[in-house]
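Fold and geometry: a report
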Amino acid sequence: MAPATRIILAVLGVTCAGLALCAALVFGSTDRVALRTAEANIDFLLTQLRDTIEANANLGLQLADVRVVQDLIERAKAADPQVVAVEVFSPEGISLFNTDRGSIGEAISGLWRTAVRYRVENERWRVEEFGNIVVGQAIRNDFGEPIGNLAITVSGAARADMARGVLTGLAWQAAWVAPAALLAVLAVLLVLFGLSSRPLTRLTERLAGEAAPLPDGAATAAYLADADRVRLSVERAVTDFDRAAVEVLKVDESDDRDAA
């Protein structure tokens, strides 16, 4: 496999990994937004119910004697299909009012007790139980003393449904975004490789052009010209050699006559 092909495949692989990471981040952030949205709805409902209950408790009645609370929490549950249960319990953790009337008089779970005990002062407490979200807040009298707690349980199915919807939407988006992104990256890589290899291509073409054979007529003329130059050089060398030989013979004959 050519090095350029390996580089292209590696970059495409990194692009796929980046797209998958972005999809995971978007899914995670959307899931958190869904959770925050659900909690915002709970906060609004908590505020309304708490204010109404406190207004009735401030009339001098004990919380357990405010019978209108049962009707309030049942209407709140009926108005929102995501609400699983609404409960009001005493500071001792005994259920006073509950949309599940069979649970009235029972103690709250240890998880709830821990959340209430370690909540930030004047802040709401929150737990996740059996896949549901439970958010609670203290109910106070005119003196600011806690006289009970209000807890709303919201189904986690809504959160799961929204997460599935987000995942489906991401899958449809990825069906065309991922190929388009890969094609764009591939086009950019091809352009970059083309630009980077252009000088080498030009050099190769130049060298190939310089080494290319001449047309037949030009090659023949060049060959004949070279042959003529070689022939003339050889003839000149032979003539010079003959002249030198004649001179040598003359010198030898002159020496012989002088010796006689």
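Structure: see above.
This section reports on the structure supplied with the text.

Here is what the cut-offs are and how they apply
Each chain carries its own residue numbering, running from 1 in the direction its sequence is written. The predicted nature of this model means local features are confined to residues of pLDDT at least 70 and side-chain atom pairs, given and counted, to a pLDDT of 80 or more, with totals for whole chains, interfaces and linings taken over all residues. Hydrogens are left out, water is left out, and the side-chain values use all remaining heavy atoms of the structure. By the criteria applied, helices consist of DSSP H or I runs no shorter than four residues and strands consist of E runs no shorter than two, each listed in order from the N terminus. Only protein chains enter the area calculation, which uses a 1.4 Å probe; residues under 20% of their type maximum are buried, those over 50% are exposed, and those in between are partly exposed. Every residue pair with non-hydrogen atoms within 4.5 Å of one another is taken to be in contact. Here, Shrake-Rupley sampling with a 1.4 Å probe gives the accessible areas, and only protein chains in the shown set may cover a residue. The pairing criterion is simple: DSSP has to find at least two bridges between the two strands. Note on geometry: axes are C-alpha line fits, over the in-contact stretch for helices, and angles between N-to-C directions span 0 to 180 degrees.

With that settled, consider the overall build of the protein. For the protein, the count of helices and strands is 5 helices and 5 strands. Along its sequence from the N terminus, the protein presents helices and strands in the succession α-α-β-β-α-β-β-β-α-α. Out of the 260 residues in the protein, the part that is buried amounts to 25%. For the protein, the proportion of contacts with a sequence separation of at least 24, taken over those separated by at least 6, is 54%. Summed over its atoms, the accessible surface of the protein is roughly 17000 Å², and 63% of this surface lies on carbon and sulfur atoms.

Sheet architecture is open: 5 strands sit in the order 2-1-5-4-3, paired in antiparallel fashion. The sheet is open, and its two edges are formed by strand 2 (95-98) and strand 3 (125-129), each paired on a single side. Across the sheet, the axes of successive neighbouring strands diverge by a mean angle of 25°, strand direction being ignored. The sheet contact formed by strand 1 (residues 83-89) and strand 2 spans 3 bridges and is antiparallel. By the bridge assignment, Glu 87 is partnered in strand 2 with Asn 98. Sheet contacts for helix 2 (residues 68-79): strand 1 and strand 2; angle to strand 1, the most-contacted strand, approximately 160°. Strand contacts of helix 3 (residues 110-117): strand 1, strand 3, strand 4 (132-140) and strand 5 (146-154), with the helix running at about 155° to strand 3, the strand carrying the most contacts.

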